[in-house]
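Examining the three-dimensional arrangement
In case you want the letters, here they are:
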Number of protein chains: 2
Amino acid sequence: MNPKDMKYRELFSVSLELFALFGYKKTTVQDVADRLGMTKGNLYFYVKNKQDLYLKTITHALSSWRDSVKQAVDRENDPVDKFRTMALKSVDYIENNTMLRQILMKDPSIFTLSPSEDRFYDINQSAMTIIQEILNQGIGEKRFYPVDVEHVTQYFFSIYVMFLIKTYVKSDTSSSRTMFLEALELNIRGLLLTHGVTPA
Amino acid sequence: MNPKDMKYRELFSVSLELFALFGYKKTTVQDVADRLGMTKGNLYFYVKNKQDLYLKTITHALSSWRDSVKQAVDRENDPVDKFRTMALKSVDYIENNTMLRQILMKDPSIFTLSPSEDRFYDINQSAMTIIQEILNQGIGEKRFYPVDVEHVTQYFFSIYVMFLIKTYVKSDTSSSRTMFLEALELNIRGLLLTHGVTPA
DNA sequence: TATTGAACAAATCGTTAAATAGTTCAGAGA
DNA sequence: TCTCTGAACTATTTAACGATTTGTTCAATA
């Protein structure tokens, strides 16, 4: 890894921590520069402005999240297993990433139900392809009902965002875990082309 | 109907219109009193304060919505028909109620994904019983999978709120209609105890 | 290419006074 | 007794002000 990439990694790591701790407004570029042992002027050699620093930092964190889920999904073969793994790994990742969780709580607009005002549209779009590929595989293998892939992908992504909002923006931790698992199985049954009569 | 109830109906009607037109902040107590042909002082004979006027007005509007859906559901017998009617009637009602729609757009906090900060908790709770009764009937008649009724009810209500936010708070009208219909059928398949292999 | 530090610009904050809007209440019809 | 008025009162919002903090630029430098 070249030295500039190293600098960026350090930069994103430091600013993620500060943004998680103080939020966007309370974190000054001076704070970030201090922690990096440089002057704030020099920070502008790496990013356009404070907003750009924030966007790049969050995007970097969301990409790691996506990659982690994608990796777990790729270890499975069966589309149902992939679907379940995707859902569970997504939750597991955020559950074990305190800083990202804190940032979501401090900045609810990171997860919006409106694609048109989504500042992280590209990374979210790429997260949606994970869903899309699983649906296509499941339908191709005649395991899944031939749903409208585009709209059902959007729907599942919206549900995922809804859960994140419910659980981490509003902290409705109590029942949302059980609700999540019930919903997962309900959606899997809704996807399957046939399913037997085997209640849990 | 006694004259005081009449006054209340008129009051809610007038203030719903004004709140829809100008929003909470821009609507003054004076405005409402003027439209009712009374002084603002006298308004305090009917409501505790401005906030109370707003809450009572919205609650009244949401109750009408609920009642309309409940009535439509009660005309059906089959739990699947009831479920589908509930979903479609809910959308149909808001689609044809411009003032309520305008209020939702002006005050996004009316529909929250967090029960604990829901100012209209009671009326929303009573709306949830419609879902709950359908689920109980479906399971009782061995048509529905024996899901965890409480959590699945919460889940469906959350999806309903999510759609309202997507469609009316963020105005993402474009794809959300198709998404809604796809989701409806997916959820019905997820509920059914068995379903045949009959893709649309 | 990467960095500094000073200079500059933009945004925020704390305070103030004036205007507006919300609320109370004694008293007056019906 | 129930409904209402209108004036008095209180609370909130708005605009303006300078002071301060913070974000951004850039010529000089290693």
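The structure this text deals with has already been given above.
Please read these numbers as outputs of a predicted model, since none were measured by experiment.

All names here are of chain A. Per the counting criterion, the structure on display carries 23 salt bridges over all chains. Residue Lys56 pairs with Asp52 through a salt bridge whose shortest N-O separation is 2.9 Å. With Lys56 and Asp52 both in helix H4 (residues 50–74), this residue pair falls four residues apart, about one helical turn. Here Glu185 ties to Arg84 by a salt bridge, and the two come within 3.0 Å at their closest N and O atoms. Of this pair, Glu185 sits in helix H9 (residues 173–191) while Arg84 sits in helix H5 (residues 79–95), and the two are 101 residues apart along the sequence. Salt bridges sharing partners connect three or more residues here, namely Lys48, Asp52 and Lys56.

Of all hydrophobic cores here, the largest spans 136 residues; its most connected members are Tyr155(A), Phe156(A), Tyr155(B) and Phe156(B). Excluding residues that lie within four positions of it along the chain, Tyr155(B) makes contacts with Tyr155(A), Ile159(A), Met162(A), Phe163(A), Met179(A), Ala183(A), Leu186(A), Asn187(A) and Asn187(B).

Of all residues adjacent to DNA strand C, which total 16 residues, the nearest are Thr39(A), Phe45(A), Tyr46(A), Tyr44(B) and Lys50(B). Per the 4 Å cut-off to the protein, sugar and phosphate atoms form 61% of the nearby atoms of DNA strand C. At a separation of 2.5 Å, a phosphate oxygen of DNA strand C approaches a polar side-chain atom of Tyr46(A). Interatomic distance of 2.5 Å between a side-chain N/O atom of Tyr44(B) and a phosphate oxygen of DNA strand C. Of all the secondary structure elements, the ones that give two or more residues to the surface near DNA strand C are helix H1 (3–26) and helix H3 (40–43) of chain A together with helix H3 (40–43) of chain B. For the surface near DNA strand C, the residue count by class is five nonpolar, seven polar and four charged.

Across the contact, 41 residues belong to chain B and 41 residues belong to chain A. Where chain B abuts chain A, roughly 3,500 Å² becomes buried across the two surfaces, and 67% of that area is made up of carbon and sulfur atoms. In terms of surface lost to chain A, no three residues of chain B exceed Leu113(B), Tyr155(B) and Leu186(B), which account for 18% of the buried area on that side. Remark: the boundary between chain B and chain A carries two salt bridges. Where chain B meets chain A, there are 12 residue pairs in polar contact (both at pLDDT 80 or more).

Here we take up the relation of the copies chain B and chain A. Note on the identical chains: chain B maps onto chain A by a rotation of 180° and an axial translation of 0.0 Å, with an RMSD of 0.1 Å. As the rotation angle and translation indicate, the two copies are arranged about a two-fold axis. By C-alpha distance to the rotation axis, the residue of chain B lying nearest is Gly190(B), at 1.8 Å. Here 100% of the interface residues in chain B have copies in chain A that are interface residues too; the copies meet face to matching face.

What follows deals with the packing of aromatic side chains. Scanning the model with the defined rule gives 30 aromatic pairs over all chains in all. Ring centres of Phe111(A) and Tyr160(A) lie 6.3 Å apart, and the angle between their planes is 80°; on these two criteria the pair is classed as edge-to-face. Placement of the pair is Phe111(A) in the loop between helix H6 (98–106) and helix H7 (121–140) and Tyr160(A) in helix H8 (residues 149–169), with a sequence separation of 49 residues. For the pair Phe83(B) and Phe156(B), a centre-to-centre distance of 5.1 Å together with 65° between the ring planes defines the contact as edge-to-face. With a gap of 73 residues between them, Phe83(B) in helix H5 (residues 79–95) and Phe156(B) in helix H8 (residues 149–169) connect regions that are remote in the sequence.

The full set close to DNA strand D counts 17 residues, and Tyr44(A), Lys50(A), Thr39(B), Phe45(B) and Tyr46(B) are the nearest of them. When atoms of DNA strand D within 4 Å of the protein are sorted by moiety, sugar and phosphate together comprise 65%. The contact in question runs from a phosphate oxygen of DNA strand D to an N or O atom on the side chain of Tyr44(A), over 2.5 Å. Tyr46(B) has a polar side-chain atom sitting 2.4 Å from a phosphate oxygen of DNA strand D. Those elements giving two or more residues to the surface near DNA strand D turn out to be H3 of chain A together with helix H1 (3–26) and H3 of chain B. Split into classes, the residues belonging to the surface near DNA strand D amount to five nonpolar, seven polar and five charged.

Now for the packing of H5(B) against H8(B). Helix-helix packing: each pair is described by the crossing angle between the helix axes and the interaxial distance. Residues and elements named next belong to chain B. Running from N to C, H5 and H8 point in directions that differ by 30°, and their axes come no closer than 12 Å. Here H8 runs roughly parallel to H5, going by the angle between their axes. In the packing of H5 onto H8, the handedness of the crossing is right-handed. Between H5 and H8, the residues in contact are Phe83, Ser90, Val91, Ile94 and Glu95 and Phe156, Tyr160 and Tyr168, respectively. Counted by class, the contact of H5 with H8 contains six nonpolar, one polar and one charged residues.

Moving on: H9(A). For H9(A), with 19 residues, the first-to-last C-alpha span of 27 Å sits near the 27 Å given by 1.5 Å per residue. Inspection of H9(A) places Ser175(A), Ser176(A), Met179(A), Phe180(A), Ala183(A), Leu184(A), Leu186(A), Asn187(A), Ile188(A), Arg189(A), Gly190(A) and Leu191(A) among the buried residues, and these make up the whole buried set.

A few words on the packing of H8(B) against helix H9 (residues 173–191) of chain B. Residues and elements named next belong to chain B. Relative to each other, H8 and H9 sit at 175°, their axes nearing to 11 Å. The angle between the axes of H8 and H9 places the two elements in the roughly antiparallel class. Each of Tyr155, Phe156, Ile159, Met162, Phe163, Lys166 and Thr167 in H8 lies in contact with H9, whose residues at this interface are Ser176, Met179, Phe180, Ala183, Asn187 and Leu191. Within the contact of H8 with H9, the residues separate by chemical class into nine nonpolar, three polar and one charged.

Residue and element names in this part refer to chain A. With respect to the helices, strands and loops of the structure, Phe120 is situated in the loop between H6 and H7. Sequence separation between Phe120 and Ile110 is 10 residues; the distance between their C-alpha atoms is 7.4 Å. Contact partners of Phe120, with chain neighbours within four places excluded, come to Leu55, Ile58, Thr59, Leu62 and Ile110.

What counts and what doesn't
Residues numbered from 1 in each chain as written. Chains lettered and ligands numbered in written order. Predicted model: local features only at pLDDT ≥ 70, side-chain atom pairs only at ≥ 80, totals over all residues. Heavy atoms only, no water. Salt bridge = Lys/Arg side-chain N within 4 Å of Asp/Glu carboxyl O. Helix = DSSP H or I, 4+ residues; strand = E, 2+ residues; numbered from the N terminus. Core = buried A, V, L, I, M, F, W, Y, C linked by side-chain atoms within 4.5 Å. Buried < 20%, exposed > 50% of the residue type's maximum accessible area, 1.4 Å probe, protein only. Contact = heavy atoms within 4.5 Å. Near = heavy atom within 4 Å. Polar contact = N/O pair within 3.5 Å; in protein donor to acceptor, adjacent residues only side chain to side chain. Nonpolar A, V, L, I, M, F, W, Y, C, P; charged D, E, K, R; others polar. Buried area = accessible area lost by both parts, 1.4 Å probe. Least-squares fit on C-alpha atoms with pLDDT ≥ 70 in both. Phe/Tyr/Trp six-rings, centres within 6.5 Å; stacked < 30°, edge-to-face > 60°. Axes fitted to C-alpha atoms, helices over the stretch in contact; angles between N-to-C directions. Parallel < 35°, antiparallel > 145°, perpendicular 65-115°, else oblique. Left-handed = near helix turned anticlockwise from the far one by under 90°. Expected span 1.5 Å × (residues − 1).

Geometric values such as these leave the question of function open.
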